[in-house]
Protein chains: 2
Amino acid sequence: MSHEFPVECLNRYGSTMAGPTNVRRPATLASLAAELGVSRTTVSNAYNRPDQLSAPLRARVLEAARRLGYPGPDPVARSLRTRKAGAVGLLLTEALSYAFRDPAATGFLEGLALACEQAGQGLLLVPVSPDQADVTAVHQAGVDGFVVYSVREDDPHFLAVLERPVPTVVCDQPMGVEGVDRVGVDDRAGMLALTRHLTGLGHRRVGVLCMRLAAGHNDGPASPERQANATYPVQRDRLAGICDGLAEVGVDWADVPVHERFEHSVDAGQDAAAAMLAAHPDITALVCTSDILALGALRHAADRDLNVPDQLTITGFDGVPEAERAGLTTVRQPVLEKGRVAGELLLERGERNRPRRVTLPTELVVGTTSGRPRVEERFFSGW
Amino acid sequence: MSHEFPVECLNRYGSTMAGPTNVRRPATLASLAAELGVSRTTVSNAYNRPDQLSAPLRARVLEAARRLGYPGPDPVARSLRTRKAGAVGLLLTEALSYAFRDPAATGFLEGLALACEQAGQGLLLVPVSPDQADVTAVHQAGVDGFVVYSVREDDPHFLAVLERPVPTVVCDQPMGVEGVDRVGVDDRAGMLALTRHLTGLGHRRVGVLCMRLAAGHNDGPASPERQANATYPVQRDRLAGICDGLAEVGVDWADVPVHERFEHSVDAGQDAAAAMLAAHPDITALVCTSDILALGALRHAADRDLNVPDQLTITGFDGVPEAERAGLTTVRQPVLEKGRVAGELLLERGERNRPRRVTLPTELVVGTTSGRPRVEERFFSGW
DNA sequence: TTGAAAGCGCTAACAG
DNA sequence: CTGTTAGCGCTTTCAA
């Protein structure tokens, strides 16, 4: 006689994951097999290969499972045996929760989730506390591969990922890591196109607001050294694109003020814009390396009753929905597509020789926040 | 002599997760131990209990690991042994990717991620295709517990979760499942407060736009039967709250038109608003059970050059940022907090007798989209 | 401090 | 169609 108890009993004892788990897990595949007087293989087959045993037998097995409260093969044990976790890990620079704040990241996540969903793979958000250099979370993650979203080149978590014997694909940065697939856009070219748009309008005195360039908390002007030593290639490239565009009209990059912000938020952008305009009241255009910062700059302009674009041109980068709604002149990049491609690169079956570097196109979006420099300014620069 | 090869070799062979994985995993804890001529315990301790062996020996172990390209204990094997996966699973009604579209869901995710992060637990997004009733993804998930976000009472995935012998906490719905913790808000009371605000302004003829009420694709009027059989308690409660509020001023619920939309999107709201106003041109207020739908209704009003609130009052529910920016009159609920609490309920150590049902407060936000009914209308109803 | 033994729960050849 | 035999890679008493 078996000790029967209703299924309802099963899940009701575990009060908390952290405490000593009172959950009983009385039934295992083996115990079920013993109960039924069949082999473990047969029970396993009942779940994994229905065609390998007679229908009636299978029914008997499943019925007994229900009766004994056997929840089916343990996923972890199965994973160990099959060497497949059925999930991909996602590594983000910032705190996990930050990802849900940044619309560009959200778009990426949506695309990645789409790809995973389609492949029936789970998506494991790896809990990395941004500051703490504790990489155990990376070691703990039971996944078949990693997607790394836009981290610093020297990020310890990223290094830990590389040590794991699973395939990895990187979105945006770091670039050029040997053996690691990458998806991204040509940030430099995108920014160059935008800058040409500005120089074409007549702008010569521009100020730049950028995101974090490297480790360390710097809120304020970014010195040439800091720019040169930037460990965030994406920011580096965007700056380089601006530099390229200005060089075409003879503007020396050394004369272009660049302000950096550690936080990536609208508030930070607003604040940075204020600082920039205070230090350089003569600039005619504020080029921001992200829409979020640009949105902040727009807010600052509104606060000061500056007419955009008549008195000040403001531009962004990314093409997030909010920005487009605000009519921001920006460079649109296909964030959702990036996520999808990242997932596909990792999950796609077949082709060994598929491209391991995918560069998606960007598009210049001319909105209502860019215009010719204000008249006084043009007089001034005509001196 | 050991077969040495640089770490760089390790990760470079896995071309694709799906294909036969060419990744070599030459080193295991056992092989490392053999190599060093120590026991497996010692190697294990080197990683998990540094205090259990001499520093020099530990250094030797770690050095050999680096040399052999041993990436540290396999997380899956460890999980099997310790019976801890180090991750919580998240089950969503909709397609995984949808979660990143809905700002309310995003807020919830952010809060949940925060809690997980803090506890050092991963967050596994379980890939459920919404239509297909394939619950294998739930069985596959290597997690220590589940958070279920707002699913239908009879959702097969949810049922599958209940069979897993791990703790579960539900956000919003289903409610009242025995032994399962729940966090949510009092939707009915929240909607009642909003409705009183409207009746206080003088509204009597209102139309209601609501989200999916039950399985099955219904775009259009929701019959009383369908309302009665709703399997989404949250929607049911919100409708009930409106009903309560209208009853207080003598309006019979049977006279109140309710339109349902399967899709939850701004477009759907816009569309539903159009349909509602076409069928019931005399209504003075459009009560929507979500901000997203309300945003759509606002768009429809703008398209038709209807002045809000002079000619039409529009209200939402949730209090998402976009809505607040738009000045929507709505009921704000603490979505981030819900996520945090859900995570804490699952992960929190200690107290067995903590509250297993948490109801968070809502707040009526009176914006600029609600006002007194238009004059003609008041005449009309004064008849 | 270190090691030996004993599985965690399952799947996958390969025979019968 | 079913069972037997071997582990997957690791942790963990318990002794030495």
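Conventions adopted
- Residues numbered from 1 in each chain as written.
- Chains lettered and ligands numbered in written order.
- Predicted model: local features only at pLDDT ≥ 70, side-chain atom pairs only at ≥ 80, totals over all residues.
- Heavy atoms only, no water.
- Helix = DSSP H or I, 4+ residues; strand = E, 2+ residues; numbered from the N terminus.
- Contact = heavy atoms within 4.5 Å.
- Axes fitted to C-alpha atoms, helices over the stretch in contact; angles between N-to-C directions.
- Parallel < 35°, antiparallel > 145°, perpendicular 65-115°, else oblique.
- Nonpolar A, V, L, I, M, F, W, Y, C, P; charged D, E, K, R; others polar.
- Buried < 20%, exposed > 50% of the residue type's maximum accessible area, 1.4 Å probe, protein only.
- Pairing = 2+ DSSP bridges.
- Near = heavy atom within 4 Å.
- Polar contact = N/O pair within 3.5 Å; in protein donor to acceptor, adjacent residues only side chain to side chain.
- Phe/Tyr/Trp six-rings, centres within 6.5 Å; stacked < 30°, edge-to-face > 60°.
- Lys NZ or Arg CZ within 6 Å of the ring centre and 35° of its normal.
- Left-handed = near helix turned anticlockwise from the far one by under 90°.

K.L.:
Tell me about the environment of A160 of chain B, and name the residues and values.
P.N.:
Residues and elements named next belong to chain B. Locating A160 in the fold gives a position in helix α7 (residues 156-163). Distance from A160 to A137, taken between C-alpha atoms, is 9.6 Å for residues 23 residues apart in sequence. In this structure, A160 is in contact with V135, V138 and H139, ignoring residues within four places of it in sequence.

K.L.:
Can you tell me about the packing of helix α2 (residues 40-48) of chain B against helix α3 (residues 55-68) of chain B, naming the residues and giving the values?
P.N.:
Residue and element names in this part refer to chain B. Viewed as axis vectors pointing N to C, α2 and α3 meet at an angle of 95°, and their least axial separation amounts to 10 Å. Taken together, the axes of α2 and α3 lie roughly perpendicular to each other. In this structure, α2 contributes T42, V43, A46 and Y47 to the contact, and α3 contributes L57, R58, V61, L62 and A65. When its residues are assigned to classes, the contact of α2 with α3 shows seven nonpolar, one polar and one charged.

K.L.:
Can you explain the pairing of strand β5 (residues 181-185) of chain B? Please cite residues and give values.
P.N.:
All names here are of chain B. For β5, the buried fraction is high: five of the five residues fall into the buried class. Both faces of β5 are covered, namely the face carrying D181, V183 and V185 and the face carrying R182 and G184. Of the strand pairs in this sheet, strand β4 (residues 168-171) and β5 are connected by three bridges, and their pairing is parallel. Paired with V169 across the bridge in β5 is D181. For β5 and strand β12 (residues 357-360), the ladder comprises four bridges, and the chain directions are parallel.

K.L.:
Please provide a residue-by-residue account of the protein's contact with DNA strand C, values included.
P.N.:
Lining the immediate environment of DNA strand C, one finds 28 residues, of which L29, Y70 and R81 of chain A together with T42 and R81 of chain B sit closest. When the atoms of DNA strand C within 4 Å of the protein are grouped by moiety, sugar and phosphate amount to 60% of the total. Interatomic distance of 2.4 Å between a backbone N/O atom of L29 of chain A and a phosphate oxygen of DNA strand C. A distance of 3.0 Å separates a base nitrogen of DNA strand C from a polar side-chain atom of T41 of chain A. Tallied by class, the residues present in the surface near DNA strand C amount to eight nonpolar, 11 polar and nine charged.

K.L.:
Which residues make up the sheet that holds strand β8 (residues 258-260) of chain A, and what are the values?
P.N.:
Strand pairing in a sheet is mediated by backbone hydrogen bonds. Such pairs are either parallel or antiparallel. All names here are of chain A. Spatially, the five strands line up as an open sheet ordered β7-β8-β6-β9-β10, and their pairing is mixed. Sheet topology places β7 (220-221) and β10 (313-315) at the edges, where each strand pairs with a single neighbour. As paired elements, β7 and β8 share two bridges and run antiparallel to each other. When the bridges of β8 are listed, P221 appears paired with H259. Those strands touched by helix α8 (residues 187-201) are β9 (285-288) and β10, and its axis lies near 170° from that of β9. Taken strand by strand, helix α11 (residues 266-279) contacts β6 (206-210), β8 and β9, and its axis lies near 150° from that of β6.

K.L.:
Run through the sheet that holds strand β4 (residues 168-171) of chain A, naming residues and quoting values.
P.N.:
Across the sheet, which stays open at both edges, the 12 strands sit in the order β12(A)-β5(A)-β4(A)-β3(A)-β1(A)-β2(A)-β2(B)-β1(B)-β3(B)-β4(B)-β5(B)-β12(B) with mixed pairing between neighbours. Every interior strand has two partners, whereas the edge strands, β12 (357-360) of chain A together with β12 of chain B, have only one. Neighbour to neighbour, the strand axes of the sheet diverge by 20° on average, direction disregarded. Where helix α5 (residues 103-119) of chain B meets the sheet, its contacts fall on β1 (87-92), β2 (122-125), β3 (146-149) and β4 of chain B, and the angle it forms with β2 of chain B comes to roughly 145°.

K.L.:
I'd like to hear about the packing of aromatic side chains, residue by residue, with values.
P.N.:
All names here are of chain A. Evaluation of the coordinates by the stated rule reveals five aromatic pairs over all chains. Each ring, one from Y47 and one from Y70, has its centre 5.8 Å from the other, and the planes form 70°; the classification is edge-to-face. Here Y47 is found in helix α2 (residues 40-48), whereas its partner Y70 is found in the loop between α3 (55-68) and α4 (75-82), with 23 residues between them in sequence. A cation over a ring is seen here: R212 above F262, with NZ or CZ 3.7 Å from the ring centre.

K.L.:
Describe the packing of α5 of chain B against helix α14 (residues 335-347) of chain B, with residues and values.
P.N.:
Between two packed helices, the angle of one axis relative to the other and the distance separating the axes together describe the packing. Residue and element names in this part refer to chain B. Taken N-terminus to C-terminus, the directions of α5 and α14 make an angle of 35°; their axes are 6 Å apart at the nearest point. In the crossing of α5 with α14, the sense of the turn from one axis to the other is right-handed. For the pair formed by α5 and α14, the contact residues are A104, G107, F108, E110, G111, L112, L114, A115, C116 and A119 on the first element and V335, L336, K338, G339, R340, A342, G343, E344 and L347 on the second.

K.L.:
Now, about the protein's contact with DNA strand D: what can you tell me, with residues and values included?
P.N.:
Near DNA strand D there are 30 residues, and of these T41 and R81 of chain A together with L29, Y70 and R81 of chain B occur at the shortest range. Looking at DNA strand D alone, sugar and phosphate atoms form 59% of those within 4 Å of the protein. At 3.4 Å from a phosphate oxygen of DNA strand D is found a main-chain nitrogen or oxygen belonging to S54 of chain A. A distance of 3.0 Å is found between a base oxygen of DNA strand D and a side-chain nitrogen or oxygen belonging to T41 of chain B. When contributions to the surface near DNA strand D are tallied by element, the ones reaching two or more residues are α2 and α4 of chain A together with α2 and α4 (75-82) of chain B.

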